[in-house]
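Fold and contact review
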Amino acid sequence: MTAPADLGTPRSAAPDLLRSVFRQHAAGVAVITVPGARPAGFTATSLTSVAADPPLVSFGISTGSSSWPAVSEAGHIGVHILGEHQQELAGTFARSGADRFAAPTSWRPGPHGVPLLDGVLAWLVCEVVARVPAGDHRIVLGRVVEGDPEGYAGTAGRSRPLLYHGGRYNALRD
């Protein structure tokens with residue numbers, strides 16, 4: 001059997017191959033927050049629902065990330081599902097060196113001291129139950145302890161989720 005001519009030229013496995021392939025994969029955008037004297041947080045597209053019983057989520061974080069030291073020691077984290085109206089917020093939490101919790105970011109302390117962002121579609125507070133080594137990243141598993149599917153300011157149902165595809169933020173289309 002021979003490969004069809006339209007398969008293209010295969011490339012060997014390398015970090016740039018993985019990045020190139022996953023630019024074709026649309027992902028929801030979340031912000032992970034961590035409590036502390038100086039709260040930490042970052043934008044994540046690797047958020048996954050892992051199990052319903054017990055309720056578990058996971059996300060990946062680079063050990064080179066400025067947020068990794070806080071995540072590596074956190075007992076609890078916040079998970080925020082962003083709406084299409086929150087591209088600027090996603091960019092703030094993705095930008096290295098930004099003061100992510102300064103104005104115009106609006107937030108409040110939540111359960112277990114976790115910073116909760118205003119205006120999100122939905123949020124969860126999770127107890128960190130594992131940090132699994134995965135190359136230059138860690139996969140963090142969190143057990144959901146509290147949350148709100150309506151988000152703050154009742155945004156759910158009034159906005160669509162923010163997506164990341166092709167290296168930029170996008171919205172759903174009808």
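Residues numbered from 1 in each chain as written. Predicted model: local features only at pLDDT ≥ 70, side-chain atom pairs only at ≥ 80, totals over all residues. Heavy atoms only, no water.

Points about the nonpolar core
Membership of the largest hydrophobic core comes to 16 residues, with the highest contact counts inside it found for Ile32, Phe42, Phe59, Ile61, Val71 and Ile77. Secondary structure elements with two or more residues in this core: β2 (30-34), β3 (40-44), β5 (55-62), α2 (68-73), β6 (76-81) and β9 (122-134). Other than its neighbours up to four places away in sequence, valine 71 contacts Val34, Phe42, Phe59, Ile61, Arg131 and Val140. Of all hydrophobic cores here, the second largest spans 15 residues; its members include Val31, Leu89, Trp123 and Tyr169. (Core = buried A, V, L, I, M, F, W, Y, C linked by side-chain atoms within 4.5 Å. Buried < 20%, exposed > 50% of the residue type's maximum accessible area, 1.4 Å probe, protein only. Helix = DSSP H or I, 4+ residues; strand = E, 2+ residues; numbered from the N terminus. Contact = heavy atoms within 4.5 Å.)

Let's talk about the pattern of salt bridges
Scanning all chains against the criterion turns up 2 salt bridges. Between aspartate 118 and arginine 108 there is a salt bridge, and its shortest N-O distance comes to 2.6 Å. You can see aspartate 118 sitting in the loop between β8 (115-117) and β9 and its partner arginine 108 sitting in strand β7 (residues 107-109), a full 10 residues away along the chain. Residue arginine 108 is classed as partly exposed on the basis of its relative accessible area of 36%. (Salt bridge = Lys/Arg side-chain N within 4 Å of Asp/Glu carboxyl O.)

Some words on the environment of valine 57
As for its position among the elements, valine 57 is in strand β5. Each residue touching valine 57, except ones within four places of it in the same chain, is listed here: Leu47, Thr48, Val50, Val79, Leu124, Cys126, Val140, Leu141, Gly142 and Val144.

As for the sheet that holds strand β12 (residues 168-171)
Judged by pairing direction, the sheet is antiparallel, and its 3 strands sit side by side in the order β1-β11-β12 without closing on themselves. Each of the sheet's edge strands pairs with one partner strand only, and the pair in question is β1 (27-28) and β12. Note: β1 against strand β11 (residues 162-165), 2 bridges, orientation antiparallel. Looking at β11, one finds that glycine 28 is bridged to leucine 163. Sitting on the sheet, helix α3 (residues 87-94) is in contact with β11 and β12, with an inclination near 155° to β12. (Pairing = 2+ DSSP bridges. Axes fitted to C-alpha atoms, helices over the stretch in contact; angles between N-to-C directions.)

A closer look at the packing of aromatic side chains
One pass over the full model with this rule turns up 4 aromatic pairs. Measuring from ring centre to ring centre gives 5.3 Å for phenylalanine 101 and tryptophan 107, while their planes differ by 75°; the resulting arrangement is edge-to-face. Among the residues examined, phenylalanine 101 registers a relative accessible area of 12% and is labelled buried. Classification of tryptophan 107 by relative accessible area gives partly exposed; the value is 31%. Three or more aromatic residues joined by ring pairs form one cluster here, namely Phe93, Phe101 and Trp107. (Phe/Tyr/Trp six-rings, centres within 6.5 Å; stacked < 30°, edge-to-face > 60°.)

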